[in-house]
Amino acid sequence: MHIHKSKKIIVFISIILLILFSIIFMDSDEEQYKARVQATINQIKNYSLEIDNIDLNENPEQLVLTYEKIVETAKAGTKLQPPSTMVKFDDKLNNYLNDTIVGYNLLIEGTNNNDLEMIRKGINTLSKLDDSFLKELTVSS
């Protein structure tokens with residue numbers, strides 16, 4: 001009888017340790033995901049700042065190259081794997097990044113083809129981006 005009781009205690013302690021261990025790693029997964037999202041958004045913002053500093057008279061190709069960097073960064077961001085607790089946030093993030101990709105692809109194509117209508121569509125798409133969901137990163141951090 002004494003051995004049976006000690007097995008129950010060991011099982012109980014093991015379950016408690018397993019729960020604590022999973023909570024620690026769940027928080028770690030969330031933090032790692034948030035850090036990757038923040039790095040992606042910051043990189044896109046940095047490229048946007050680069051655009052402001054490009055002299056179109058001296059280096060117009062640089063504009064398209066920077067647009068392409070933004071598209072690639074956004075594509076990488078859509079491949080981030082969220083923890084199960086952040087799936088809804090990830091859906092919002094992917095909508096934002098996909099719209100970013102569409103907008104900048106329109107700018108690339110419009111710039112390459114001197115198509116002002118396409119450039120207008122790209123600007124319009126980008127101007128409608130809603131990044132308010134990103135506040136969740138700072139609120140939950």
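Whatever comes next refers back to the structure up there.
For the structure given in this document, a descriptive report is provided here. None of the values given here were measured: they were computed from a predicted structure.

### Overview of the overall build of the protein
Then step 1. Along the protein, the regular secondary structure elements total 5 helices and 0 strands.
Then step 2. Traced from its N-terminal end to its C-terminal end, the protein shows the element sequence α-α-α-α-α.
Then step 3. Burial status across the protein gives 30% buried among its 141 residues.
Then step 4. Put simply, of all contacts in the protein between residues at least 6 apart along the chain, 62% involve residues at least 24 apart.
Then step 5. Accessible surface computed for the protein: about 9,700 Å², of which carbon and sulfur atoms make up 58%.

### Brief notes about the environment of aspartate 130
Then step 1. Tracing the chain through its elements places aspartate 130 in the loop between α4 (116–127) and α5 (135–140).
Then step 2. Taking C-alpha positions, aspartate 130 is 9.9 Å from leucine 93, a pair spaced 37 residues apart along the chain.
Then step 3. A polar contact of 2.8 Å, which involves the side chain of aspartate 130, links it to the side chain of serine 132.

### Details of helix α2 (residues 60–78)
Then step 1. For α2, which comprises 19 residues, the first-to-last C-alpha distance of 28 Å matches the rise-based estimate of 27 Å (1.5 Å per residue) to within 8%.
Then step 2. Among all positions in α2, only Leu63, Val64, Thr66, Tyr67, Ile70, Val71, Thr73, Ala74 and Gly77 are buried.

### Looking at the pattern of salt bridges
Then step 1. Under the criterion given, the structure shown has 3 salt bridges.
Then step 2. With a shortest N-O distance of 3.7 Å, lysine 34 and glutamate 31 are connected by a salt bridge. With lysine 34 and glutamate 31 both in helix α1 (residues 2–52) and 3 residues apart, the pair spans about one turn of that helix.
Then step 3. Glutamate 31 sits in the partly exposed class, given a relative accessible area of 43%.
Then step 4. A salt bridge links glutamate 72 to lysine 75; the nearest nitrogen and oxygen atoms lie 3.9 Å apart. Taken as a pair, glutamate 72 and lysine 75 lie in helix α2 at a separation of 3 residues, close to a single helical turn.
Then step 5. Of the residues examined, lysine 75 reaches a relative accessible area of 35% and is grouped as partly exposed.

### Digging into the environment of isoleucine 44
Then step 1. Here isoleucine 44 is to be found in helix α1.
Then step 2. According to the relative accessible area criterion, isoleucine 44 is buried, its value standing at 7%.

### Topic: the packing of α2 against helix α3 (residues 87–112)
Then step 1. Where α2 meets α3, the axes come as close as 9 Å, and the angle between the chain directions of the two elements is 155°. If you check the angle between α2 and α3, you find them roughly antiparallel. In this structure, α2 meets α3 at a crossing whose hand is left-handed. Contacts between α2 and α3 pair Val64, Tyr67, Glu68, Ile70, Val71, Ala74, Lys75, Gly77 and Thr78 from the former with Leu93, Asn94, Leu97, Asn98, Thr100, Ile101, Tyr104, Asn105, Leu107, Ile108, Thr111 and Asn112 from the latter.
Then step 2. Considered class by class, the residues forming the contact of α2 with α3 number 11 nonpolar, 8 polar and 2 charged.

Cut-offs and rules
Residues numbered from 1 in each chain as written. Predicted model: local features only at pLDDT ≥ 70, side-chain atom pairs only at ≥ 80, totals over all residues. Heavy atoms only, no water. Helix = DSSP H or I, 4+ residues; strand = E, 2+ residues; numbered from the N terminus. Buried < 20%, exposed > 50% of the residue type's maximum accessible area, 1.4 Å probe, protein only. Contact = heavy atoms within 4.5 Å. Areas by Shrake-Rupley, 256 points an atom, 1.4 Å probe, with all protein chains shown as cover. Polar contact = N/O pair within 3.5 Å; in protein donor to acceptor, adjacent residues only side chain to side chain. Expected span 1.5 Å × (residues − 1). Salt bridge = Lys/Arg side-chain N within 4 Å of Asp/Glu carboxyl O. Axes fitted to C-alpha atoms, helices over the stretch in contact; angles between N-to-C directions. Parallel < 35°, antiparallel > 145°, perpendicular 65-115°, else oblique. Left-handed = near helix turned anticlockwise from the far one by under 90°. Nonpolar A, V, L, I, M, F, W, Y, C, P; charged D, E, K, R; others polar.

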